[in-house]
Amino acid sequence: VDEVAWKGRIRYRYIRRMEERSPAAHHDESRNTNQVLFRLEPTARIHAHWAGKARIDYGRPDTMHTGANVTNAKVDRLYVEGDYSSTRITLGLFPLATKADYGMVSDISMAGGQVVFGREVKVAIAAGRIHDRDNRLFTADGINPSAMRRFLDGTANYQGIEVYNDRTQTFTWGIGFQRVTQADGWDTTLLGTGHSIKNPNGPIRIWNVGLGYRFHSALSLTGAYAMATGIDPLPGNTVDGKHKHAYAFALNYKGAKANQRGSWGAFLAYRHLGGLSTLYSTHQVFGPMQGGEKGWEIGMSWTPLKNVVGKVQYYQGKELISDHSVKALWTELGFLF
């Protein structure tokens, strides 16, 4: 169909993660996974201002490891988008990433709507429903399943507003606010005290800010901070502040570009992703670090051939809930079309 444009990728990921489980006995648990994915992203032009978009994934974790001929198809994005001069309207099931903090708080899919208006300074207003996602890389047959941490437990209502400037500027900044309400109340074991937080009477509110500076075209520095409020534990319980706060700093050099053979990039970052102050961070989607952890991450990307991009990232840190050490290697090879 002439009005439909297709793009996508074939992607392979190898991930190895090691977690300390018994420090006294020097016991570590580790696991690796091989993942292959075929992704299609069609864009259907409706008229000059509106287009329909989707994302369709074919794949299954560990297919490359087991050799099983089994795939699952999933449509995790399906929405319409309208552009009117300095205003963009999005309706449906679409990607929602916080811009003010460079994706530190969330990089998730939401069913609802968003309006972004402005040119040099943008205002983004969003509302809808989001669903929980596993905050652990390995869950089934994985490592330490009893220590799984979930911020959400089911479907929750989301409202958010952010103000930020054009990301191409030398100096970038942003500030935002997110409100997340779960109908059945909160029930999580993020305390590290052995007790649950139950907060059925109010939402969790997350405030986020971010700053960035581009020294020149190849080198930039970004920083972000987020704080969660509105958490009311049961009488006699306390919430450790490390779960309420999140912050991240990253030094970025260049970056691999799919259409430029030989281009490459590298970064060095330190992050503290509090379990109550992040929903599903972009650092979980595109890296080895999980929610409820803190530590250092280093990575590199390279384009050996046009539209072929490789990435390698290494993370070393600790779990916030247990203070156990964590090491992870995350690699990806993508063939884009």
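Here is a short report on the structure shown in this document.

Scoring rules and cut-offs
Residues numbered from 1 in each chain as written. Predicted model: local features only at pLDDT ≥ 70, side-chain atom pairs only at ≥ 80, totals over all residues. Heavy atoms only, no water. Helix = DSSP H or I, 4+ residues; strand = E, 2+ residues; numbered from the N terminus. Buried < 20%, exposed > 50% of the residue type's maximum accessible area, 1.4 Å probe, protein only. Lys, Arg positive; Asp, Glu negative; His and termini not counted. Salt bridge = Lys/Arg side-chain N within 4 Å of Asp/Glu carboxyl O. Polar contact = N/O pair within 3.5 Å; in protein donor to acceptor, adjacent residues only side chain to side chain. Contact = heavy atoms within 4.5 Å. Pairing = 2+ DSSP bridges. Core = buried A, V, L, I, M, F, W, Y, C linked by side-chain atoms within 4.5 Å. Phe/Tyr/Trp six-rings, centres within 6.5 Å; stacked < 30°, edge-to-face > 60°.

**Some remarks on the side chain of E162**
Its place among the elements puts E162 in strand β8 (residues 155-165). Lacking a salt bridge, the buried E162 has R167 as its closest oppositely charged neighbour, with an N-O distance of 7.9 Å. Side-chain polar atoms of E162 contact the backbone nitrogen of A100, separated by 3.2 Å. For E162, the side chain forms a polar contact with the side chain of N208, separated by 3.1 Å. Non-local contacts of E162, meaning those with residues more than four positions away in its chain, are made with A97, T98, K99, A100, D101, K122, V123, A124, I175, G176, Q178 and N208.

**Digging into the pairing of strand β12 (residues 204-216)**
Walk down a regular strand and you will see the side chains alternate between the two sheet faces. Here strand β9 (residues 171-182) runs beside β12; their pairing, made up of 10 bridges, is antiparallel. Each residue of the ladder has a partner; that of Q178, found in β12, is I206. As judged from the 11 bridges shared by β12 and strand β13 (residues 219-229), these two strands associate in the antiparallel manner. Within β13, the position partnered with N208 by the bridge is A226. The turn joining β12 and β13, which pair antiparallel and follow one another in sequence, is formed by two residues.

**Description of the nonpolar core**
Counting residues in hydrophobic clusters, the biggest one holds 28 residues, and the most contacted among them are L96, M104, M110, I130, Y158, I206 and L279. When residues of this core are traced back to their parent elements, those giving at least two are β5 (87-97), β6 (107-117), β7 (121-131), β8, β12, β13, β14 (245-254) and β18 (325-336). Among residues more than four places away in sequence, those in contact with M110 are G92, L93, F94, L96, A126, A127, G128, R129, I130 and Y158.

**Some details on the pattern of salt bridges**
Close approach of charged atoms allows side chains with opposite charge to pair. A complete count under the given rule lists nine salt bridges for this structure. One salt bridge in this structure joins D76 and R55, with 2.6 Å as the shortest N-O distance. Placement of the pair is D76 in strand β4 (residues 72-84) and R55 in strand β3 (residues 50-61), with a sequence separation of 21 residues.

**Brief notes about the packing of aromatic side chains**
Inspection of every chain in the model, using the stated rule, returns 10 aromatic pairs. Centroid distance F177 to W207: 4.5 Å. Interplanar angle 50°. Geometry classified as tilted. Residue F177 is found in strand β9, and its partner W207 is found in strand β12; the two are separated by 30 residues along the sequence. Between Y213 and F215, the ring centres sit 5.1 Å apart and the planes meet at 75°, which makes this aromatic pair edge-to-face.

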